[in-house]
Amino acid sequence: QVQLVESGGGLVQAGGSLRLSCAASGIPFSIRAMGWYRQAPGKQRELVASITSSSGRANYADSVKDRFTISRDNAKNTVYLQMNSLKSEDTGVYYCNLVYYSAPWGRGTQVTVSS
């Protein structure tokens, strides 16, 4: 059974930091590219960061580049998102999922940035 469980969100002031975690089970985690997605209020879900399975090469949306860092621990089947210099526009629900396939979405974790 596939399960993606996100955690680490919260309320933070602009300029602050948060670290999100996503624990995956039921998927071949170590051989799959993983991504963090964000759904802002009233907007569609978007991919903000991704990481390859083997080399760990990361890609970022322009809106988060140089502020967010994605990483993974294949031994723990976990992917992380370090978010620094947070802005109010980073507010939303953050989800993890595969990049080239699709697993059932988890509940996500709410990030609220106050200005």
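The structure we're discussing is the one just above.
Just so you know, the residues in each chain are numbered from 1, in the order the chain's sequence is written. Residues qualify for local features only when their pLDDT is at least 70, as the model is predicted, and side-chain atom pairs are given and counted only at 80 or more; totals for whole chains, interfaces and linings, by contrast, use all residues. Neither water nor hydrogens contribute to the side-chain values; these are computed over all heavy atoms in the structure.

A.B. asks: Even after reading the chapter, I still don't get the packing of aromatic side chains, so can you show me in this structure?
C.D. replies: To describe a pair of aromatic rings, one takes the distance between the centres and the angle between the planes. Whether two aromatic rings pair depends on their centres lying within 6.5 Å, for rings of Phe, Tyr and Trp, where Trp uses its six-membered ring; planes under 30 degrees apart make the pair stacked, over 60 edge-to-face, and the rest tilted. Per the counting criterion, the structure on display carries two aromatic pairs. Aromatic pair Tyr37 and Trp105: ring centres 5.1 Å apart, planes at 90 degrees, arrangement edge-to-face. Residue Tyr37 is located in strand E4 (residues 34-39), and its partner Trp105 is located in the loop between strand E9 (92-98) and strand E10 (109-114); the two are separated by 68 residues in the primary sequence. Three labels apply to residues, based on accessible area from a 1.4 Å probe with only protein chains included: buried if under 20% of the type maximum, exposed if over 50%, partly exposed otherwise in between. Trp105 sits in the partly exposed class, given a relative accessible area of 36%. Among the aromatic residues, ring-to-ring pairing joins Tyr37, Tyr95 and Trp105 into one connected group. The rule for a charge over a ring is simple: NZ of Lys or CZ of Arg within 6 Å of the ring centre, and within 35 degrees of the ring normal. Seen from the ring of Tyr80, Arg19 lies directly overhead, with NZ or CZ sitting 4.1 Å from the centre. Across from the ring centre of Tyr101, 4.4 Å away, lies the NZ or CZ of Arg32, which sits over that ring. Comment: elements are numbered from the N terminus, with helices defined as DSSP H or I runs of at least four residues and strands as E runs of at least two.

A.B. asks: Please clarify how the sheet that holds strand E8 (residues 78-83) should be interpreted in this entry.
C.D. replies: Strand pairing in a sheet takes place through backbone hydrogen bonds and is either antiparallel or parallel in direction. For two strands to be treated as a pair, DSSP must find at least two bridges joining them. Sheet architecture is open: four strands sit in the order E1-E3-E8-E7, paired in antiparallel fashion. Both edges of this open sheet fall to strand E1 (3-7) and strand E7 (68-73), since each of them pairs with a single strand only. In this sheet, adjacent strand axes meet at a mean angle of 15 degrees when their direction is disregarded. Pairing geometry for E7 and E8, over six bridges, is antiparallel. When the bridges of E8 are listed, Asp73 appears paired with Thr78. Working convention: axes come from line fits to C-alpha atoms, limited for helices to the stretch in contact. Angles between N-to-C directions cover 0 to 180 degrees.

A.B. asks: What is the right way to read the environment of Thr91 from this model?
C.D. replies: Locating Thr91 in the fold gives a position in the loop between E8 and E9. Each C-alpha atom, one on Thr91 and one on Lys65, is 16 Å from the other, the two residues being 26 residues apart in sequence. Within polar-contact distance, the side chain of Thr91 engages the backbone oxygen of Ser88 at 3.0 Å. Nitrogen and oxygen atoms within 3.5 Å of one another constitute a polar contact, given that in protein one can donate a hydrogen and the other can accept it, and given that sequence-neighbouring residues count only through two side-chain atoms. Only 2.9 Å separates the side chain of Thr91 from the backbone nitrogen of Val113, close enough to count as a polar contact.

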